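Summary of the model geometry
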Amino acid sequence: MRRQPLVAGNWKMNGSLSANQALVAALLASRQGMEQVEIAVCVPYPYLDQVSRLVQGSWLALGAQDVSAHAAGAYTGEVAAGMLQDFACRYVIVGHSERRTLHAETDVLVSAKFAAVQGAGMVPVLCLGETLAEHQAGATLAVLFRQLDAVLAEHGVGAMTSCVLAYEPVWAIGTGLSASPGQAQEVHQALRRHVAALDEQVAAGLQIVYGGSVKADNAAQLFAQPDIDGGLIGGASLNAKDFLAICQAANY
Ligand code: 13P
């Protein structure tokens, strides 16, 4: 049995009050042909309030792009999981490669953020991905397992019952060079088997989505793979028509 597909837009550092209003309105007007898909938008912090109000009571879920590992206190510039929950976030991305690379986030820190999200009753979207150099060195699975094991070792396989894994090869993000459906399927299957070695039932129910240059024209082939349960979409999520076409492609 297939898991419920999830398509989440990661707006990254894009948007404005007026652009968000128009984009969300266009999404909310178009549920037809994607009824089976859970759809979310992960927006920049300042727009959580705006988008939370726009999607309230609708089928469109709200997410954030990062979180502090701390619950409260003297952490200037940080945002706590409890604050995200105040705005009815369902999903929080943790460990995006842009944070791992540009903000030097370690596996240990990402694991702490993962726990903070679950502790506040939300669903972490844990990003895993290898760089081009690691890919070319044949180290893909070693890197992904290291990133995933940091969470498994700290929080146990039970933590995988209420999270989403996102495989995002760093070399495919924003480059137009998506992993091929076969390449991505191989990695997703390996990730699922890695979790299955600890608990088969948890692994069978675990949503693993793919991110990295997913576009309207390659989404259907990616989502047709048995272990690809949807996508985490960057650039194409900023355009309603493109994002909706990707959501439709996940309506299997
Ligand atoms: P692109 O879809 O722009 O390649 O970005 C993917 C991504 O990083 C989503 O989190």
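Reading the values: rules and limits
Residues numbered from 1 in each chain as written. Predicted model: local features only at pLDDT ≥ 70, side-chain atom pairs only at ≥ 80, totals over all residues. Heavy atoms only, no water. Helix = DSSP H or I, 4+ residues; strand = E, 2+ residues; numbered from the N terminus. Rg over C-alpha atoms; globule rule 2.2 N^0.38 Å. Buried < 20%, exposed > 50% of the residue type's maximum accessible area, 1.4 Å probe, protein only. Contact = heavy atoms within 4.5 Å. Expected span 1.5 Å × (residues − 1). Bend = angle between axes of the 7 residues up to and from the residue. Near = heavy atom within 4 Å. Polar contact = N/O pair within 3.5 Å; in protein donor to acceptor, adjacent residues only side chain to side chain. Nonpolar A, V, L, I, M, F, W, Y, C, P; charged D, E, K, R; others polar. Disulfide = S-S within 2.5 Å. Pairing = 2+ DSSP bridges. Axes fitted to C-alpha atoms, helices over the stretch in contact; angles between N-to-C directions.

Some remarks on the overall build of the protein chain
Across its full length, the protein chain holds 11 helices and 8 strands. Radius of gyration (C-alpha) of the protein chain: 17 Å, near the 18 Å computed for a compact globule of 252 residues. Overall, the protein chain is about 45 × 45 × 35 Å in size when its C-alpha atoms are taken along their principal axes. Across the 252 residues of the protein chain, 51% fall into the buried class. Excluding contacts between residues fewer than 6 apart, the proportion of contacts in the protein chain whose partners are at least 24 apart in sequence is 72%.

A closer look at the side chain of histidine 96
Here histidine 96 lies in the loop between strand E4 (91–94) and helix H4 (97–102). Those residues within four positions of histidine 96 in sequence are excluded, and the remaining contacts are Asn10, Lys12, Cys127, Glu168 and Ile173.

Points about the environment of aspartate 199
For aspartate 199, the position within the fold is in the loop between helix H8 (181–196) and helix H9 (200–205). Overall, aspartate 199 belongs to the partly exposed group, its relative accessible area being 27%. Placed 41 residues apart in sequence, aspartate 199 and glycine 158 show a C-alpha to C-alpha distance of 8.5 Å.

Concerning helix H7 (residues 140–155)
When the terminal C-alpha atoms of H7 are compared, their 23 Å separation across 16 residues agrees well with the 22 Å that a helix rising 1.5 Å per residue should span. Its maximal kink placed at leucine 148, H7 deviates by approximately 30°. Those residues of H7 lying buried are Thr140, Val143, Leu144, Gln147, Leu148, Ala150, Val151 and Leu152. Buried residues belonging to H7 abut H4, helix H5 (107–119), strand E5 (123–128), helix H6 (132–136), strand E6 (164–167) and H8.

Description of the site of the ligand
What surrounds the ligand is the set Asn10, Lys12, His96, Glu168, Ala172, Ile173, Gly174, Gly212, Ser213, Leu232, Gly234 and Gly235. The separation between an oxygen atom of the ligand and a polar side-chain atom of asparagine 10 is 3.0 Å. Separating an oxygen atom of the ligand from a backbone N or O atom of glycine 234 is a distance of 2.9 Å. Partitioning the shell around the ligand into residue classes produces 3 nonpolar, 7 polar and 2 charged.

Some points on unusual backbone geometry
Positive phi values are uncommon outside glycine, yet alanine 88 reaches one of about 65°. Among the secondary structure elements, alanine 88 is positioned in the loop between helix H3 (81–86) and E4. Assessed through its relative accessible area of 54%, alanine 88 is described here as exposed. Phi at alanine 104 is positive, roughly 55°, even though this residue is not glycine. By the secondary structure assignment, alanine 104 is in the loop between H4 and H5.

Some thoughts on the state of the cysteines
For the coordinates displayed, the defined rule picks out 0 disulfides. Its sulfur unpaired, cysteine 42 is 8.1 Å from the next cysteine sulfur, which belongs to cysteine 89. Unpaired in this structure, cysteine 247 has its nearest cysteine sulfur neighbour in cysteine 42, at a distance of 12 Å. Overall, cysteine 247 belongs to the buried group, its relative accessible area being 0%.

Regarding the sheet that holds strand E1 (residues 6–10)
In spatial order, the strands read E1-E2-E3-E4-E5-E6-E7-E8; together these 8 strands close into a barrel with parallel pairing. Along the sheet, successive strands turn relative to each other by an average axial angle of 25°, direction set aside. Pairing between E4 and E5: 4 bridges, direction parallel. Looking at E5, one finds that valine 92 is bridged to proline 124. Seen against the sheet, H7 touches E5 and E6 and runs at an angle of roughly 150° to E5.

Details of the pairing of strand E7 (residues 207–211)
For E7, the tally of buried residues reaches 5 of 5 residues, placing the bulk of the element in the interior. Because side chains alternate across E7, one face comprises the buried residues Gln207, Val209 and Gly211, and the other comprises Ile208 and Tyr210, equally buried. Bridge count between E6 and E7: 4 bridges; the pairing is parallel. By the bridge assignment, alanine 166 is partnered in E7 with valine 209.

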